[in-house]
Amino acid sequence: MMAKQLLSRLLGPVTLVLLALTIWLGLWVTPQDKIQGNLVRLVYVHPSVAWVALYVSFGTATIASVLYLWKRTRSMVMDRVAYCAMEVSVVFITLTLITGSIWGRPTWGVWWAWDARLTSTAILGVLALGYLALRRANDDPVLRARRSAVFAILAAINVPIIHFSVDWWKTLHQGATVFGPDRSIKIHGLMALTLFISFIGFTMLFFWILRARYRLEVRRELASSVTLDEALDARRREGALQ
Amino acid sequence: MIRTALLVAGKDLRIEVRSRVLLWQVLPFGVIALLLCGLALGPAHAGSSSAGPGLYYLVTLLVTLLMINRSQIVERAPGTKSSIATLGLDPAGVFLGKSLALAVELWLTGLVLLAGAVLVLHTGLHGALIALPSIVVTLGALAAAGTLYGALTAGGETSATLLPVLALPAFAPLLIAGERSFYDALHGGELLGWWVIVVVALVAYVAMGILLYGVLDE
């Protein structure tokens, strides 16, 4: 219990240290690219953000949804985790598209290209927004949880399509950047280290935000239920007086 | 499961034959949408065979949304839900039956729209016939996916507006694969790759439906 509390308390500060380290290494310490110049520094942000958007946050939402639907592990905790993770996923997918666009303009000459990776990521973003719309459309908590869980699983079909899009189609978006076909690291040691720290930092940032969002959701549910109870009590008191 | 599927499909198709909504409302909407697509492109571009497959699938998607809504409205009649629950019908069979009925309706509509595309958008008849098997499979996959998404949005006040928001992004890969296979059929391209995507999507949606429809129907 103590270790869990300590980990929970350390999550925020460690995340901030790792992100600060990423900024310092990415902007001042690592070298420029021979061809791309300073533009290469986006590589310390965009892939990590995309990793969190597609795999960590969407993956968390999907796994929590599967666990909600599985009768043995069914609980509103899983539904809340899926909802909060999906909400964070929307933010990270948007950041992925924005940072990709910033990189695309000087490299490809356009802010947006009809590329398989870009288009499928945008579709995932719309699906994540659809998930949030679906939740708002249902007032019954159990029905809402069940439908959202099914939708999250259906939407997750898009993730492997995004992942393999660069292999399946001829795309402007490059294929694997860090690892070669033989799994050897293709980039400079210091750049690889910065990228690694960035991946860990952004992953921890996701869990930090998720934890905060989850707590907020629990408090929101509690607040709404207390208000309802209070309103009912007030009505009962009114009835008793009459 | 198969017996339940056939029963449900028969029920849905009988309702459709008696109400004639498909004939008098959905099909005219599809034809009008096809004509509007031609008008939006202008006479110079509407006749080019490169636009035909995309416009055909775009109109088919719009028609599919109408038909999914229709398929769910049929279930809203008083006593339908409770009857299904009382009869203890297998949810997987219900899903397959509703998907089959929707697929039959989509195949009929798809054929009429294909004839319309050949006439109005000058899509080559020979190419359209070559594309027919891939259209059949794509529309089958749309029916399976549509039945699932219809069940997801069913019942609420916002179901009509929520359905396109949820279903259209999910239909996008099918639209791309269907359009590409149609285009390749017209221009003698390689069909196999797109075929694989459409067949995988069909199998995936049918499997998902069999597994998850019961949860939605609880």
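This section reports on the structure supplied with the text. (Residues numbered from 1 in each chain as written. Chains lettered and ligands numbered in written order. Predicted model: local features only at pLDDT ≥ 70, side-chain atom pairs only at ≥ 80, totals over all residues. Heavy atoms only, no water.)

Some points on the packing of helix H5 (residues 141–155) of chain A against helix H7 (residues 125–153) of chain B
Working step 1: The contact between H5 of chain A and H7 of chain B brings their axes to 10 Å, and the two run at 150°. Here H5 of chain A is positioned roughly antiparallel relative to H7 of chain B, judged by the angle of their axes. Note on packing geometry: the crossing formed by H5 of chain A with H7 of chain B is left-handed. Across the interface between the two elements, Arg147, Val150, Phe151 and Leu154 of chain A from H5 of chain A touch Leu148, Tyr149, Ala151, Leu152 and Thr153 of chain B from H7 of chain B. (Axes fitted to C-alpha atoms, helices over the stretch in contact; angles between N-to-C directions. Helix = DSSP H or I, 4+ residues; strand = E, 2+ residues; numbered from the N terminus. Parallel < 35°, antiparallel > 145°, perpendicular 65-115°, else oblique. Left-handed = near helix turned anticlockwise from the far one by under 90°. Contact = heavy atoms within 4.5 Å.)

What about unusual backbone geometry?
Residues and elements named next belong to chain B.
Working step 1: In this structure, Arg20 is a non-glycine residue whose phi angle is positive, near 60°.
Working step 2: For Arg20, the location among the structural elements is in the loop between helix H1 (2–19) and helix H2 (21–41).
Working step 3: The class of Arg20 is partly exposed, set by a relative accessible area of 49%.
Working step 4: At His122, a position not held by glycine, the phi torsion is positive, near 60°.
Working step 5: Residue position: His122 is located in the loop between helix H6 (91–120) and H7. (Buried < 20%, exposed > 50% of the residue type's maximum accessible area, 1.4 Å probe, protein only.)

Regarding the interface of chain B and chain A
Working step 1: Opposite the 22 residues of chain B that make contact, chain A presents 19 residues.
Working step 2: Note on chain B versus chain A: buried area summed over both sides is about 1900 Å², and carbon and sulfur give 75% of it.
Working step 3: At the boundary of chain B with chain A, the tally comes to zero salt bridges.
Working step 4: At the junction of chain B with chain A, the criterion picks out two residue pairs in polar contact (both at pLDDT 80 or more).
Working step 5: Elements that contribute at least two residues to the side of chain B that touches chain A include exactly H7, helix H8 (159–187) and helix H9 (192–217) of chain B.
Working step 6: When grouped by side-chain class, the residues that make up the side of chain B that touches chain A number 19 nonpolar, two polar and one charged. (Buried area = accessible area lost by both parts, 1.4 Å probe. Salt bridge = Lys/Arg side-chain N within 4 Å of Asp/Glu carboxyl O. Polar contact = N/O pair within 3.5 Å; in protein donor to acceptor, adjacent residues only side chain to side chain. Nonpolar A, V, L, I, M, F, W, Y, C, P; charged D, E, K, R; others polar.)

Focus: the packing of helix H3 (residues 76–108) of chain A against helix H7 (residues 189–241) of chain A
All names here are of chain A.
Working step 1: One way to put it is that H3 packs onto H7 with a least axis distance of 9 Å and a crossing angle of 130°. By the criterion of interaxial angle, the relationship of H3 to H7 is oblique. In the crossing of H3 with H7, the sense of the turn from one axis to the other is right-handed. Packed against H3, whose contacting residues are Val77, Arg80, Val81, Tyr83, Cys84, Ala85, Glu87, Val88 and Phe92, the element H7 presents Phe202, Leu205, Phe206, Ile209, Leu210, Arg213, Tyr214, Glu217, Val218 and Glu221 at the interface.
Working step 2: Considered class by class, the residues forming the contact of H3 with H7 number 14 nonpolar, no polar and five charged.

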